[in-house]
Amino acid sequence: MGPRFGLRMMATSSYDLVVIGSGPAGEKGAAQAAYFGKRVLLVEREAVLGGAAVNTGTVPSKTLRETALYVSGLRQRGLYGLDYSFTAGLTVEQLMHRERLVVESEHAIIGRNLERHRIEVVRGVASLVNAHTVRVRDAGGREHDYRTDVILIATGSSPYHPPGVTFDHERIYDSDSILRMRAIPKTMAVVGGGVIGSEYASMFTALGVQVTLVDSGDCLLPFVDREIAGRLQSQLTRLGLRFVFRERVAKVARNAERVNLVLGSGEQIACEIALFAAGRQSNIEGLGLEAVGVRIGQRGLILVNEHYQTSVPSVYAAGDVVGFPALAGTSMEQARVAMVHAFDLRYKEQVSAIQPLAIYTVPEISMVGRSEEACRQAGLPYLVGRAYYDKSPRGQIIGDLSGMLKLVFSPADKKLLGVHHIGELASELVHIGAHAMAGGETIDAFIRAVYNYPTLADSYKYAAYDGLDEWRTWRHKQGLD
Ligand SMILES: Cc1cc2nc3c(=O)[nH]c(=O)nc-3n(C[C@H](O)[C@H](O)[C@H](O)COP(=O)(O)OP(=O)(O)OC[C@H]3O[C@@H](n4cnc5c(N)ncnc54)[C@H](O)[C@@H]3O)c2cc1C
């Protein structure tokens with residue numbers, strides 16, 4: 001395992017900032033304040049640094065996805081007419097090998113970052129004694145109080161466990177424990193078609209597991225542009241994933257070998273393991289927030305203003321513990337903005353309104369800004385330009401013929417309103433559109449730009465040309481030409 005708490009244990013008892021939690025929000029908030037010369041103490045209750053992002057969530061699941069793509073030969077499938085699949089006889093150890101290496105190097109990277117910023121680290125469970133004192137209880141039950149000007153709560157979230165389901169982590173898993181499964185199953189049920197459920201369902205399908213995804217809604221990922229979500233669903237169906245919508249799990253039974261899910265309609269799904277991905281809840285238990293006067297909203301989320309300051313002025317909160325969008329990159333930015341405000345650093349005063357989102361399904365999808373549906377709901381006129389990977393030489397070369405980039409823009413001034421992308425590198429390429437949106441650019445920016453050839457990035461140019469055709473037709477219909 002990577003460096004743990006050998007960092008700096010001689011914590012003195014008075015600080016400018018005490019941070020609770022070492023996930024993306026805690027680490028980056030601590031580093032932000034320390035960079036500007038503040039004395040910072042970071043408290044972590046787990047044996048390892050990095051929070052859900054490094055240990056149970058983002059990094060492990062994305063590494064597992066990469067391994068699944070590699071061993072299944074999915075990226076190469078159809079390129080050379082050869083079967084590249086190494087999934088037969090694959091063990092969990094082989095599957096998790098790279099995940100462990102990547103997680104260990106992330107521990108080292110975080111450790112070095114904290115050390116470089118001279119951030120003191122203590123291990124223990126933190127709680128608030130008052131608006132300027134944090135109490136830490138170590139593994140031996142000893143307590144130590146730390147005085148501080150500012151407190152940053154970055155305690156993250158944990159998987160929500162629906163009532164009536166016993167998580168034994170042998171047959172019935174949550175999104176933390178699935179990474180510790182003992183053997184790769186032949187059959188699996190995933191309950192919950194949100195981001196985490198869809199990602200794991202697609203990954204295991206790519207590995208050749210027979211996966212059934214159950215969701216009480218009527219479609220996959222309802223907040224995603226419908227055209228993109230529809231393409232994702234049909235590609236996953238082609239890959240072998242079975243979707244069961246408009247169904248709730250009424251009963252869960254298990255024995256040594258199988259899990260049996262009884263759905264509301266009476267349908268039964270028998271499988272080797274089940275993963276419940278039914279959302280997450282914020283980690284506030286035991287922090288003593290109410291006693292100090294920190295206001296809590298629905299579902300235990302800490303209420304904050306635009307500076308991520310709670311109802312107690314010296315106490316800030318950032319990351320999953322404050323709720324939506326509950327993403328690693330956004331959590332980091334929230335914490336930085338909070339610390340800029342807390343110490344009046346006058347540097348990064350708000351989190352950008354342009355926030356991309358990636359869903360690492362197979363294939364991956366990514367988006368920023370408004371979808372067609374969001375425009376319609378807001379009564380905003382819009383036009384669309386599309387580019388397809390099967391018309392792109394790079395798409396042909398890499399064999400991704402189902403990718404698509406879609407630009408949503410305003411007819412009045414051609415300003416970009418949203419970017420929606422499915423296919424290889426969507427999570428990377430979306431940033432081209434995000435930067436254009438942040439700069440208030442029109443789709444003409446892509447038409448003027450020069451791109452490397454052959455690339456997937458030049459899909460922006462062809463989607464813009466397509467949009468321009470739409471725009472001319474629209475002007476003609478409006479009698480503007
Ligand atoms: C399966 C999965 C996949 C994900 N994939 C992505 C993705 O692809 N992209 C993305 O952007 N996001 C992803 N996320 C979300 C991302 O992991 C979270 O948004 C991010 O980790 C939140 O960071 P955080 O710092 O708020 O909290 P966390 O990362 O949860 O860290 C909180 C830390 O606080 C510690 N802590 C809690 N209470 C106390 C206490 N009382 N005392 C001391 N320490 C305490 C915890 O031990 C933990 O280390 C994923 C999440 C999951 C579960």
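Residues numbered from 1 in each chain as written. Predicted model: local features only at pLDDT ≥ 70, side-chain atom pairs only at ≥ 80, totals over all residues. Heavy atoms only, no water.

Undergrad: Sorry, what's going on with the overall build of the protein here?
TA: In terms of helices and strands, the protein carries 13 helices and 22 strands. In terms of C-alpha radius of gyration, the protein reaches 24 Å, essentially the compact-globule figure of 23 Å for 481 residues. If one aligns the C-alpha atoms of the protein with their principal axes, the spans along those axes are about 70 × 60 × 40 Å. Residue burial in the protein is summarised as follows: out of 481 residues, 52% are buried. Nonlocal contacts in the protein, meaning residues at least 24 apart in sequence, comprise 62% of its contacts between residues at least 6 apart. Split by element, the accessible area of the protein, about 22,200 Å² in all, is 50% carbon and sulfur. Distance from the positive charge centre (52 side chains) to the negative charge centre (51 side chains) of the protein: 0 Å. (Helix = DSSP H or I, 4+ residues; strand = E, 2+ residues; numbered from the N terminus. Rg over C-alpha atoms; globule rule 2.2 N^0.38 Å. Buried < 20%, exposed > 50% of the residue type's maximum accessible area, 1.4 Å probe, protein only. Contact = heavy atoms within 4.5 Å. Areas by Shrake-Rupley, 256 points an atom, 1.4 Å probe, with all protein chains shown as cover. Lys, Arg positive; Asp, Glu negative; His and termini not counted. Charge placed at Lys NZ, Arg CZ, Asp CG, Glu CD.)

Undergrad: What am I meant to see in the pairing of strand 22 (residues 416–422) here?
TA: Residues in a regular strand point their side chains to alternate faces of the sheet. Most of strand 22 sits inside the fold, with 7 of its 7 residues counted as buried. In this antiparallel pair of consecutive strands, strand 21 (residues 404–409) and strand 22, the connection spans 6 residues, and Lys414 shows a positive phi of 65 degrees. (Pairing = 2+ DSSP bridges.)

Undergrad: What's the story with the site of the ligand in this structure? I'm lost.
TA: Taken together, 36 residues are adjacent to the ligand, and Glu44, Ala52, Lys62, Asp320 and Ala328 come closest. Between Glu44 and the ligand, the recorded distance is 2.6 Å, taken from a side-chain N or O atom to an oxygen atom. One nitrogen or oxygen atom from the main chain of Ala126 is found 3.0 Å from a nitrogen atom belonging to the ligand. Taking 1,000 Å² as the accessible area of the ligand by itself, protein coverage stands at 94%. Going through the elements one at a time, helix 1 (24–35), strand 2 (40–44), helix 2 (51–55), helix 3 (58–72), strand 4 (125–130), helix 5 (195–206) and helix 8 (328–342) are the ones with two or more residues in the shell around the ligand. (Near = heavy atom within 4 Å. Polar contact = N/O pair within 3.5 Å; in protein donor to acceptor, adjacent residues only side chain to side chain.)

Undergrad: What's the story with the pattern of salt bridges in this structure? I'm lost.
TA: Where side chains of opposite charge bring their charged atoms close, a pairing between them can arise. Across all of its chains, the model carries 23 salt bridges by this definition. Linking Glu227 and Arg386 is a salt bridge whose minimum nitrogen-to-oxygen distance equals 2.9 Å. Residue Glu227 is found in helix 6 (residues 226–239), and its partner Arg386 is found in strand 20 (residues 383–388); the two are separated by 159 residues along the sequence. Glu227 gets classed as partly exposed once you look at its relative accessible area, which sits at 26%. Overall, the relative accessible area of 24% leaves Arg386 in the partly exposed class. A salt bridge links Arg376 to Glu372, with the nearest nitrogen and oxygen atoms 3.9 Å apart. (Salt bridge = Lys/Arg side-chain N within 4 Å of Asp/Glu carboxyl O.)

Undergrad: For this particular structure, what's the right way to read the state of the cysteines?
TA: By definition, a disulfide links two cysteine residues through a covalent bond between their sulfur atoms. One pass over the full model with this rule turns up 0 disulfides. The closest cysteine sulfur to the non-disulfide-bonded Cys219 is located on Cys375, 18 Å from its own sulfur. Cys375 sits in the buried class, given a relative accessible area of 0%. (Disulfide = S-S within 2.5 Å.)

Undergrad: I tried to follow helix 5 on my own but got confused; where do I start?
TA: An α-helix turns once every 3.6 residues. As a result, residues three or four positions apart point the same way. Taking 1.5 Å per residue, 12 residues should reach 16 Å; helix 5 reaches 17 Å between its end C-alpha atoms and fits that length. Buried within helix 5 are the following residues: Gly197, Ser198, Glu199, Tyr200, Ala201, Ser202, Met203, Phe204, Thr205 and Ala206. Turning to helix 5, the residues buried within the fold contact helix 3, strand 9 (187–191), strand 10 (210–214), helix 6, strand 15 (273–276) and strand 18 (357–359). After helix 5 finishes, the residue Gly208 shows a positive phi value of roughly 95 degrees. (Expected span 1.5 Å × (residues − 1).)

Undergrad: Can you walk me through the sheet that holds strand 14 (residues 268–271) in this structure?
TA: Two pairing modes exist for strands in a sheet, parallel and antiparallel, and in both the strands are linked by backbone hydrogen bonds. With respect to topology, 3 strands assemble into an open sheet ordered 12-13-14, the strand pairing being antiparallel. Both outer strands of the open sheet, strand 12 (249–254) and strand 14, are each paired with one neighbouring strand and no more. Shown here is a sheet whose adjacent strand axes are inclined to one another by a mean of 15 degrees, direction ignored. (Axes fitted to C-alpha atoms, helices over the stretch in contact; angles between N-to-C directions.)

Undergrad: Just checking my understanding: could you explain the pairing of strand 12 for this structure?
TA: As judged from the 5 bridges shared by strand 12 and strand 13 (residues 259–263), these two strands associate in the antiparallel manner. By the bridge assignment, Lys251 is partnered in strand 13 with Val262.

Undergrad: Help me understand the environment of Ser311 in this model?
TA: Positionally, Ser311 belongs in the loop between helix 7 (289–292) and strand 17 (315–317). For the pair Ser311 and Leu114, spaced 197 residues apart in sequence, the C-alpha to C-alpha distance is 29 Å. In this structure, Ser311 is in contact with Gly293, Val294, Arg295 and Leu303, ignoring residues within four places of it in sequence. Reaching out from Ser311, the side chain makes a polar contact with the backbone oxygen of Gly293 at a distance of 2.8 Å.

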